[in-house]
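As a plain string of letters, each chain reads:
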Amino acid sequence: MITKDVAIIIPVYNEAEVVAAVIKRVLKHYKYVVCVNDGSKDTSSEEIQKTKAYLVEHPINMGQGAALQTGIEFARTLPVKYFVTFDADGQHRLEDAEKMVSILRKGNQDIIMGSRFLGTAPGIKASKVVVLKLAIKFSNFTSGLKLTDTHNGLRAFNRKVAEGMQITLPDMAHASEILEIIAQKKYRYKEIPVTIEYTDYSKGKGQSIINAVNIGFDTLLRKFIR
Amino acid sequence: MIILIQIAVILVALVIIVAALVGKQSHSARAWKKIALCLLAVAMIVAVLFPSMTNTVANALGVGRGADLLLYVLTVAFIGYALNNYLQQQNQRDELNRLARKVALLEAIARYKN
């Protein structure tokens, strides 16, 4: 069974090694896969073109948040009802995405987010747990929501949220921004446990701890300007 | 008297930071920035021509030496400048991103039309 009313949105930046395999895995279950190549310096673009996924090419590197926004805007033009954001390095499981969409289909929620702390994350580094826990406290504080995992790339939402989403923070700070949008527009949200499979490949690509300073500064500054 | 200058510097610093943050680049905000820049330039010329004057002003404000007063003024001016610049740069990046996104979407939609 191939699902035809869901668009899987995958932001891609320098993922040539794994991206084609991840896309092929997703395409087995979903008709619409939208990849946004965020100005990769490697052969990610060629790898994506080998598959049947839609490819949107950023002319310059703009950051993951900007790539998500582009993917959402492209996916809006497709005949789909639901939208799923998915990481290109293959750390998310399709079963989890499927579960999220099935909750959306019941119509009581607008956006479903994955939480690795409700679920499991085998192989996660202890230092990453500490940083993530701080990030969660911070994001809950700035957005006013109560979540157990605020920086999880796996999210599913309906068309109302897709039409209303306007991410302006280009880098990892978009995770906090999405939560602020959810709080502001009063979307009905739910968290479900998901499993994140940390491979050596995905571990090597994680966020550096010091970057949290940038994210925190930008998010607070925004808050202050508003 | 010491307290007076301390309060004054902190207040001016806060006003500049808030003005830099809240100011949405309106005409009046840009005009005030230019006026502030000119005043700073004039003050610099005066300070060079009459070095003793900075001391007089500093003493009147309760700061020990003119050099200290200069340092305070410059620090406040620099923080205001840096924040203002950072925010402008972010706005420009946002505009650039929107433009690039439009280009990317137009190109992709045209490609998949067939």
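Here we summarise the structure given alongside this text. (Residues numbered from 1 in each chain as written. Chains lettered and ligands numbered in written order. Predicted model: local features only at pLDDT ≥ 70, side-chain atom pairs only at ≥ 80, totals over all residues.)

1. Points about the overall build of chain A
Consideration 1: Helix and strand counts for chain A come out as nine helices and seven strands.
Consideration 2: Taking 17 Å as the expected radius of gyration for a compact globule of 226 residues, we find that chain A reaches 16 Å, a close match to that expectation.
Consideration 3: Looking at chain A as a whole, 45% of its 226 residues are labelled buried.
Consideration 4: The contacts of chain A with a sequence gap of at least 6 include a subset with a gap of at least 24, amounting to 77%. (Helix = DSSP H or I, 4+ residues; strand = E, 2+ residues; numbered from the N terminus. Rg over C-alpha atoms; globule rule 2.2 N^0.38 Å. Buried ≥ 20, exposed ≤ 12 C-beta atoms within 10 Å, placed from the backbone. Contact = placed C-beta atoms within 7 Å.)

2. Here's the deal with the overall build of chain B
Consideration 1: Along chain B, the regular secondary structure elements total four helices and zero strands.
Consideration 2: The helix and strand sequence of chain B, counted from the amino end, reads α-α-α-α.
Consideration 3: In terms of overall size, chain B is more extended than a compact globule, its C-alpha atoms giving a radius of gyration of 22 Å where 114 residues would be expected to give roughly 13 Å.
Consideration 4: Oriented by its inertia axes, the alpha-carbon framework of chain B measures out at about 80 × 30 × 20 Å.
Consideration 5: Each of the 114 residues in chain B was classed as buried or not, and the buried ones make up 7%.
Consideration 6: Sequence separation of 24 or more characterises 56% of the internal contacts of chain B that already satisfy a separation of 6 or more.

3. Concerning the sheet that holds strand E4 (residues 82-85) of chain A
Residues and elements named next belong to chain A.
Consideration 1: If you trace the seven strands from one edge of the open sheet to the other, you get E3-E2-E1-E4-E6-E5-E7, paired in mixed fashion. With one partner strand each, in any of the chains shown, strand E3 (54-57) and strand E7 (189-195) form the two edges of the open sheet. The average angle at which neighbouring strand axes cross in this sheet is 25°, direction not considered.
Consideration 2: Looking at chain direction, strand E1 (residues 3-12) and strand E2 (residues 30-37) are connected through seven bridges and run parallel. Each residue of the ladder has a partner; that of Thr3, found in E2, is Tyr30.
Consideration 3: Each of E1 and E2 is contacted by helix H1 (residues 19-27), which is oriented at about 155° to E2, the strand it contacts most. (Pairing = 2+ DSSP bridges. Axes fitted to C-alpha atoms, helices over the stretch in contact; angles between N-to-C directions.)

4. Topic: the interface of chain A and chain B
Consideration 1: Listed as interface residues are 18 residues of chain A and, on the opposing side, 14 residues of chain B.
Consideration 2: Those elements that provide at least two residues to the side of chain A that touches chain B are E3, helix H3 (64-75) and helix H9 (211-225) of chain A.
Consideration 3: Among the elements that line the side of chain A that touches chain B, the one with the most residues is H3(A), at five residues.
Consideration 4: Split into classes, the residues belonging to the side of chain A that touches chain B amount to eleven nonpolar, five polar and two charged. (Nonpolar A, V, L, I, M, F, W, Y, C, P; charged D, E, K, R; others polar.)

5. A closer look at H1(A)
Residue and element names in this part refer to chain A.
Consideration 1: Within H1 the residues assigned to the buried category are Val19, Val22, Ile23 and Val26. In an axial view of H1, the angular spread of the buried residues amounts to 95°, which keeps them on one side of the axis. Turned more than 90 degrees away from the buried face of H1 sit Ala21 and Arg25, all of them exposed.
Consideration 2: On the buried face of H1, the contacting elements are E1, E2, helix H2 (44-49) and helix H4 (94-105). (Arc of directions from axis to C-beta.)

6. Brief notes about the pairing of strand E6 (residues 155-158) of chain A
Residue and element names in this part refer to chain A.
Consideration 1: Both faces of E6 are covered, namely the face carrying Arg155 and Phe157 and the face carrying Ala156 and Asn158.
Consideration 2: As judged from the four bridges shared by E4 and E6, these two strands associate in the antiparallel manner. Looking across to E6, one finds that Phe83 is bridged to Phe157.
Consideration 3: Pairing analysis gives three bridges linking strand E5 (residues 111-120) to E6, with the strands arranged antiparallel. Along E6, the bridge assignment pairs Met113 with Arg155.

7. Some words on the packing of helix H3 (residues 51-61) of chain B against helix H4 (residues 66-112) of chain B
Residue and element names in this part refer to chain B.
Consideration 1: Packing of H3 against H4 brings their axes to within 7 Å, and their N-to-C directions diverge by 80°. Here H3 is positioned roughly perpendicular relative to H4, judged by the angle of their axes. Between H3 and H4, the residues in contact are Thr54, Asn55, Val57, Ala58 and Leu61 and Gly66, Asp68, Leu69 and Leu70, respectively.
Consideration 2: Of the residues assigned to the contact of H3 with H4, the class counts are five nonpolar, three polar and one charged. (Parallel < 35°, antiparallel > 145°, perpendicular 65-115°, else oblique.)

8. Overview of the nonpolar core
Consideration 1: Among the nonpolar cores identified, the biggest contains 64 residues, and Ile8(A), Ile9(A), Val33(A), Val34(A), Cys35(A), Phe83(A) and Val84(A) are the most heavily contacted of them.
Consideration 2: Beyond its immediate stretch of four places on either side in the chain, Phe83(A) contacts Ala7(A), Ile9(A), Ile72(A), Ala75(A), Ala156(A), Phe157(A) and Ala162(A). (Core = buried A, V, L, I, M, F, W, Y, C linked by C-beta atoms within 7 Å.)

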